[in-house]
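Overview (structure and organization)
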Amino acid sequence: MDKILVHGGRRLRGSVKISGSKNSALPILAATLLTKEPCTISRVPDLSDIHYMLTILSELGCEVERASGTVQIRAEKILTHAPYDIVRKMRASVCILGPLLGREHEATVSLPGGCVIGDRPIDLHLRGFEALGAAVKVSGGNVKVLAPHLKGARISLRSNFGSTVLGTGNVMMAAVLAEGVTVIDGAAEEPEVVDLANFLIAMGAKIEGAGTRSITIEGVKELHGAEHEVIPDRIEAGTFLAAGAISGDEVTVSRVIPAHLESVTGLLSKAGFEILSNGSQVTIRPGSKRVALKIDAVPYPGFPTDMQAQMCALMATTEGISVVSDHVFPHRFMHVAEMKRMGADIELQGGTAVIKGVSQLGGAPVMASDLRASAALVLAGLQADGITEVNRVYHIDRGYESIDEKLNELGAEIERVKA
Ligand code: EPU
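One numbering rule holds for all chains: residues counted from 1, following each sequence as written. For a predicted model such as this one, the threshold for reporting local features is a pLDDT of at least 70, and the threshold for listing and counting side-chain atom pairs is 80 or more; totals across whole chains, interfaces and linings nevertheless cover every residue. As a rule here, side-chain values come from all non-hydrogen atoms in the structure, and water together with hydrogens is ignored.

Let's talk about the overall build of the protein chain
- Strands are runs of DSSP state E lasting at least two residues, helices are runs of H or I lasting at least four, and both sets are numbered from the N terminus onward. Across its full length, the protein chain carries 14 helices and 25 strands.
- Radius of gyration here uses only the C-alpha atoms, and the compact-globule reference equals 2.2 Å multiplied by the residue count raised to the power 0.38. For the protein chain, whose C-alpha radius of gyration is 21 Å, the value lies close to the compact-globule estimate of 22 Å for 419 residues.
- Dimensions of the protein chain, computed from the C-alpha atoms along their principal axes, are close to 65 × 45 × 40 Å.
- For the protein chain, with 419 residues in total, the buried portion stands at 56%. Type-normalised accessible area, obtained with a 1.4 Å probe on protein chains alone, sets the label of each residue: buried when under 20%, exposed when over 50%, and partly exposed for intermediate values.

As for the state of the cysteines
- Here, the term disulfide refers to a pair of cysteine sulfur atoms separated by no more than 2.5 Å. With the rule as written, the count across this model stands at zero disulfides.
- Cysteine C62 is unpaired, with the sulfur of C39 as its nearest cysteine sulfur at 9.6 Å.
- The buried category is assigned to C62, whose relative accessible area is 7%.
- Counting only cysteine sulfurs, C62 is the nearest neighbor of C95, a cysteine outside any disulfide, at a range of 13 Å.
- Residue classification places C95 among the buried residues on the basis of a relative accessible area of 1%.

Comments concerning the pairing of strand β10 (residues 181-185)
- Counting buried positions over the five residues of β10 gives four, a clear majority of the element.
- Of the strand pairs in this sheet, strand β9 (residues 154-156) and β10 are connected by three bridges, and their pairing is parallel. Within β10, the position partnered with R154 by the bridge is V183.
- Following the backbone out of β9, through helix α6 (residues 165-175) and into the adjacent parallel β10, one traces a crossover that is right-handed.
- Here a strand pair is declared whenever DSSP counts at least two bridges between the two strands. Direction of pairing for β10 relative to strand β12 (residues 214-218): antiparallel, over a ladder of five bridges. Crossovers are marked right-handed if the path from the first strand over the helix to the second runs clockwise, as seen with the strands pointing away from the viewer.

What to know about the sheet that holds strand β6 (residues 106-110)
- With antiparallel pairing, the three strands of this open sheet are ordered in space as β6-β8-β7. Lying at the two open borders of the sheet, with one neighbouring strand each, are β6 and β7 (135-139). Sheet twist, expressed as the average angle between the axes of neighbouring strands with direction ignored, equals 15°.
- Where β7 lies against strand β8 (residues 142-146), five bridges are found, and the strand directions are antiparallel. In the sheet register, K137 faces β8, and the bridge partner there is K144.
- Here helix α4 (residues 97-104) sits on the sheet and contacts β6 and β8; the angle it forms with β6, its principal contact strand, is near 155°. Here, axes are lines fitted to C-alpha atoms. For helices the fit covers the stretch in contact, and angles between N-to-C directions go from 0 to 180 degrees. Two residues form a contact once any of their heavy atoms are found within 4.5 Å.

So, the environment of A205
- Locating A205 in the fold gives a position in the loop between α7 (191-202) and β11 (206-208).
- Classification of A205 as buried rests on a relative accessible area of 7%.
- Put simply, A205 and K221 are 16 residues apart on the chain and 9.3 Å apart in space, counted from C-alpha to C-alpha.
- A205 has contacts with V176, L200, V220 and L223, leaving out every residue within four places of it along the chain.

Description of the environment of E229
- In this fold, E229 is placed in strand β13 (residues 227-229).
- When its relative accessible area of 48% is taken as the criterion, E229 is described as partly exposed.
- C-alpha separation for the pair E229 and V44, spaced 185 residues apart in sequence, amounts to 8.0 Å.
- Setting aside chain neighbours within four positions, we find E229 in contact with S42, R43 and D195.

Quick word on helix α1 (residues 22-31)
- Taking burial as the measure, the ten residues of α1 include nine buried ones, the bulk of the element.
- Among all positions of α1, only K22, S24, A25, L26, P27, I28, L29, A30 and A31 are buried.
- The N-cap residue of α1 is S21: its side-chain oxygen and the backbone nitrogen of N23 are 3.3 Å apart. Definition of a polar contact: a pair of N or O atoms within 3.5 Å, with one able to donate and the other able to accept a hydrogen when the atoms are protein atoms, and with sequence-neighbouring residues admitted only if both atoms are side-chain atoms.

Digging into the nonpolar core
- Put simply, buried Ala, Val, Leu, Ile, Met, Phe, Trp, Tyr and Cys residues joined by side-chain atoms within 4.5 Å make one nonpolar core. Judged by nonpolar contacts, the single largest core of 75 residues is most densely connected at L29, I96, M172 and L200.
- The contact partners of I96, leaving out residues within four places of it in the chain, are A30, L33, M53, I56, L60, A82 and V109.
- The next biggest cluster of nonpolar side chains, apart from the first, holds 67 residues, and it includes L241, L377, L379 and L382.

Considering the sheet that holds strand β25 (residues 413-417)
- Read from one edge to the other, the open sheet built from four strands follows the order β22-β24-β1-β25, with strand pairing classed as mixed. The sheet is open, and its two edges are formed by β22 (365-367) and β25, each paired on a single side. Going from strand to strand, the sheet's axes swing by 20° on average, the running direction of each strand aside.
- Across five bridges, the pairing between strand β1 (residues 3-7) and β25 is antiparallel. From the neighbouring strand, L5 faces β25, where its bridge partner is E415.

With respect to the domain arrangement of the protein chain
- Per the domain assignment, the segments of the protein chain are domain 1 (2-19 + 232-418) and domain 2 (22-229).
- Relative placement of domain 1 and domain 2: their C-alpha centres are 30 Å apart.
- Taken together, the 28 residues of domain 1 in the interface contact 17 residues of domain 2.
- Put simply, a salt bridge is a Lys or Arg side-chain nitrogen that is within 4 Å of an Asp or Glu carboxyl oxygen. Between the two partners, domain 1 and domain 2, sit two salt bridges.
- A salt bridge links R398 to D49, with the shortest nitrogen-to-oxygen separation between them at 3.0 Å.
- Taken together, the connections running from domain 1 to domain 2 amount to nine residue pairs in polar contact (both at pLDDT 80 or more).
- Contributions of two or more residues to the side of domain 1 that touches domain 2 are made by α12 (371-382) and α13 (394-397). The domain limits used here are those given by an automatic or database domain assignment.

Have a look at this one:
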């Protein structure tokens, strides 16, 4: 298995181009199943999760062509059963359920298992499909949804942890071809939901309210092919801003939508950094003093759970006591034990990390447990004395396009050791 060696102590400076959003691209690619006509999706990041999704679409019968960030998909004749071997590799494969149900009135997908960031049920997705008239059957590790006739309904997707991002997308994708009007209450407000809605609208769907808590969908008979450019990845951008905060003189992320980054840039400026926003660029510069923070990861427009681990890395060397809670995935703290091996002073109390900033971390061999935890360990390595060896980097390749090369262009010294 490949590993990454981070030589700590280098200062970062310069500008980095942000890729298209993974979490937008995945459901958008799945949405191409809704039409027989060809669709063209651009700014698709080159990531292993995207590769899995394209493999699933090919296995379902789609013609898939990919050339430098642009993917053409034609789902003329499709199957409705996705094979376990591929589906099990990526939880997001669950978002093919909605479009298959919408177009073919049935779908069978392996149930996603738990993962290191928590239990991750799909009860809300299924509740939404049932409200649209589908029968849901779980057997032999598969979930089968069947609805000879999909009918619009009023559906609530609220849970104790907020709404569900992929669940909102899934129900929206089934409802666009249902008869009548569907209202999703307690919808996720994330920009990725808006991006999916915009693609569906380009395909001929009638959707209003995406980006708010209530989405209204008026079903149409069929959708047509469309072209769409995926929005910039706000989490990749946030990760590079956090890298700049940790060891930067001045780092700029370009090709971003600054409004999508507000909760992250807001916290970084509270933490003492200077933030400058200019068109589609955001720059971070050191301020006069770093400040420890109380951080709560919550649904959008609040501070994202997908940036929680990276902020723990920043707070690990910020003088004072920081308190970081994750209200979306309360168990998403696997990075804490690894950061402690690097000398961080962090105590876990349930879904909260209490971090006492130390003046410096030390390089150590560490194990990446999930995508964002691995990014956080690379960031911790940037500020550590000596070499940090991040193992199991396949996690990082699931969600960051060439993170090592992009950081090196900013002045980091990171080596990838091929297994
Ligand atoms: N939940 C339920 N029931 C459900 C669905 C979710 O209880 O049916 C709970 C979850 O257990 C969690 C909360 O609701 O506590 C939110 O989960 P959500 O469904 O919103 O997560 P998701 O849609 O599966 C997406 C991103 C995640 C990101 C979350 C939250 C994709 C492919 N994944 O997951 O991204 O953390 O939203 O913003 O879009 C990542 O990129 O590293 C990543 C994990």
